[in-house]
Amino acid sequence: MSSDTLAKAPDIPQDTDVPRIVPQRRYGQWAAAVVVLALLGLAVNSVLRNDAFHWDVVARWFTSASVLRGLWLTLWLTAVVMVLGFALGTLLAAFRLSANPVLRAVSWGYVWLFRSIPILVQLLLWFNIGALYPQVLGVRTVDLLGPVTVAIVGLTLHEAAYAAEVVRGGILSVDRGQIEAAQALGLSRWRRWRRIVLPQAMRSIVPPAGNMLIGTLKGTSIVSVIAVSDLLFSVQLIYHRTYQVIPLLMVATLWYTVVTSVLTIGQYYVEKHYARGSETSR
């Protein structure tokens, strides 16, 4: 069609009766957002302007040597407990998925027992184990199990019970048909686990494992009751001398917040890595 023909073409009338789509005005949501922001601003202002917090004291003790030593012990204890807990938990998960009824019963009984007893009770029992067994292999129990060792043993046994269920749930989330297809292709058992089962199971294991890591970090504060010099116990020693309870508790709170935030960011990227190729990956 030539340009002259296009120029002579009559104007196409527009239908003025077609209704316009107007987005719904959500006044209630905006009002609620304003109220929430106002309350949040008042709360932050009250914290920052409240002289009882003694922010100058918080700043002075935040990077002190004793606090940093307690922070290091907290991080070290968290890492050791997570590694040992998931190692034992993976073994228990394998027992639970085994065809052997004895191994299944042992795994189920372990998980039931250690999930039933509060962690504080477990720590106190291990701390006073010398009353039941004064000697182990010819060594006095009080010399063999110091406060840090008791903390590792108690937290690891507790963590393993939950890790076992996390690992078992992740393995069970893998479609059975894919395992059977790998068997049909002649893949060895190790290659099936490494190339088929574990990559897919990690999608279900990583989110609760990340939550467990953060929970363990905060949960290590309970070892202060058996005089382990973690972050909380370190600030307690300071405020028992200075009587500045609130500022020192704020020091511990800020450090826990900083470390938890870093772990949360790391968890996000690990989840994103294992979620590649799935519909829920972002």
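You'll find the structure just up there.
Everything numeric here is computed off the predicted structure, so don't read it as measured data.

A. How the structure looks around the overall build of the protein. In terms of regular secondary structure, the protein is built from 12 helices and two strands. In the protein, buried positions account for 31% of the 282 residues. Sequence-distant contacts, at least 24 apart, represent 77% of the contacts inside the protein between residues at least 6 apart. Roughly 18,500 Å² of accessible area belongs to the protein as shown, and the carbon and sulfur atoms make up 65% of that amount.

B. Structural detail: the pattern of salt bridges. Tallied over the full model, the rule gives two salt bridges. A salt bridge links glutamate 165 to arginine 96, with the nearest nitrogen and oxygen atoms 3.3 Å apart. With glutamate 165 in helix H8 (residues 147-172) and arginine 96 in helix H4 (residues 65-96), this pair connects stretches of sequence that are 69 residues apart. For arginine 96, a relative accessible area of 22% corresponds to the partly exposed category. Between arginine 168 and glutamate 165 there is a salt bridge whose closest N-O contact spans 3.0 Å. You can see arginine 168 and its partner glutamate 165 sitting in helix H8, three residues apart, about one turn around the helix.

C. Inspection of the packing of aromatic side chains at higher detail. In total, this model carries five aromatic pairs according to the counting rule given. Here the guanidinium or amino end of arginine 115 rests over the ring plane of tyrosine 162, the centre of that ring lying 6.0 Å away.

D. Structural view of unusual backbone geometry. A positive phi angle, near 50°, is found at histidine 54, a position not held by glycine. The topology assignment puts histidine 54 in the loop between helix H2 (27-49) and helix H3 (55-62). A residue is classified by how much of its surface remains accessible, and histidine 54, at 38% relative accessible area, is partly exposed. Backbone geometry at alanine 227 places phi at a positive 65°, although glycine is not the residue there.

E. Spatial organisation of helix H12 (residues 245-274). In a regular helix each residue adds 1.5 Å, so 30 residues correspond to 44 Å; H12 covers 43 Å between its end C-alpha atoms and thus fits that length. All of the buried residues along H12 are Pro247, Leu248, Met250, Val251, Ala252, Trp255, Tyr256, Val259, Thr260 and Gln267.

F. Highlighting a nonpolar patch on the surface. Side chains of Leu132, Tyr133, Val136, Leu137, Val139 and Leu144 sit close together on the surface and give an oily, nonpolar patch of about 640 Å² of accessible area. Relative to the elements of secondary structure, valine 139 occurs in strand E2 (residues 139-140). According to the relative accessible area criterion, valine 139 is partly exposed, its value standing at 37%.

G. Region of interest: the packing of H4 against helix H5 (residues 101-116). Interhelical geometry of H4 versus H5 gives an angle of 135° and a closest axis separation of 7 Å. Of the possible angle classes, the one that applies to H4 and H5 is oblique. Crossing hand, H4 versus H5: left-handed. Where H4 approaches H5, its residues Leu88, Leu92, Phe95 and Arg96 are matched on the opposing element by Leu103, Arg104, Ser107, Trp108 and Tyr110.

H. Region of the structure containing the environment of glycine 170. Its place among the elements puts glycine 170 in helix H8. Once the C-alpha coordinates of glycine 170 and isoleucine 205 are considered, the two residues, 35 residues apart in sequence, prove to be 5.2 Å apart. Contacts of glycine 170, omitting those with residues within four sequence positions, involve Ala201, Ser204 and Ile205.

I. Summary view of the packing of helix H6 (residues 119-127) against H8. Where H6 meets H8, the closest approach of the two axes is 9 Å, and the angle between their N-to-C directions is 140°. When the axes of H6 and H8 are compared, the pair comes out oblique. The two elements H6 and H8 meet at a crossing, and its hand is right-handed. Judged by residue contacts, Ile119, Gln122, Leu123, Trp126 and Phe127 of H6 engage Pro147, Val150, Ala151, Val153, Gly154, Leu155, Leu157 and His158 from H8.

J. Focus on the nonpolar core. Counting 19 residues, the largest nonpolar core has Trp61, Val67, Leu231, Val235, Leu248, Val251 and Trp255 as the members making the most contacts within it. Sorting the residues of this core by element identifies H3, H4, helix H11 (231-242) and H12 as the ones contributing at least two each. Per-element tally for this core: the top contributor is H12, with seven residues. With residues near it in sequence (within four places) discarded, leucine 248 still touches Val57, Trp61, Val235, Ile238, Tyr239 and Thr242.

K. Broad picture of the environment of alanine 161. For alanine 161, the position within the fold is in helix H8. Taking the C-alpha atoms as reference points, alanine 161 and threonine 90, separated by 71 residues in sequence, lie 9.8 Å from one another. If sequence neighbours within four positions are ignored, alanine 161 has contacts with Tyr110, Val111, Phe114 and Arg115.

Criteria and thresholds
- Residues numbered from 1 in each chain as written.
- Predicted model: local features only at pLDDT ≥ 70, side-chain atom pairs only at ≥ 80, totals over all residues.
- Heavy atoms only, no water.
- Helix = DSSP H or I, 4+ residues; strand = E, 2+ residues; numbered from the N terminus.
- Buried < 20%, exposed > 50% of the residue type's maximum accessible area, 1.4 Å probe, protein only.
- Contact = heavy atoms within 4.5 Å.
- Areas by Shrake-Rupley, 256 points an atom, 1.4 Å probe, with all protein chains shown as cover.
- Salt bridge = Lys/Arg side-chain N within 4 Å of Asp/Glu carboxyl O.
- Phe/Tyr/Trp six-rings, centres within 6.5 Å; stacked < 30°, edge-to-face > 60°.
- Lys NZ or Arg CZ within 6 Å of the ring centre and 35° of its normal.
- Expected span 1.5 Å × (residues − 1).
- Patch = residues over 30% accessible without salt bridge, like charges linked within 9 Å, V, L, I, M, F, W, Y side chains within 5 Å.
- Axes fitted to C-alpha atoms, helices over the stretch in contact; angles between N-to-C directions.
- Parallel < 35°, antiparallel > 145°, perpendicular 65-115°, else oblique.
- Left-handed = near helix turned anticlockwise from the far one by under 90°.
- Core = buried A, V, L, I, M, F, W, Y, C linked by side-chain atoms within 4.5 Å.

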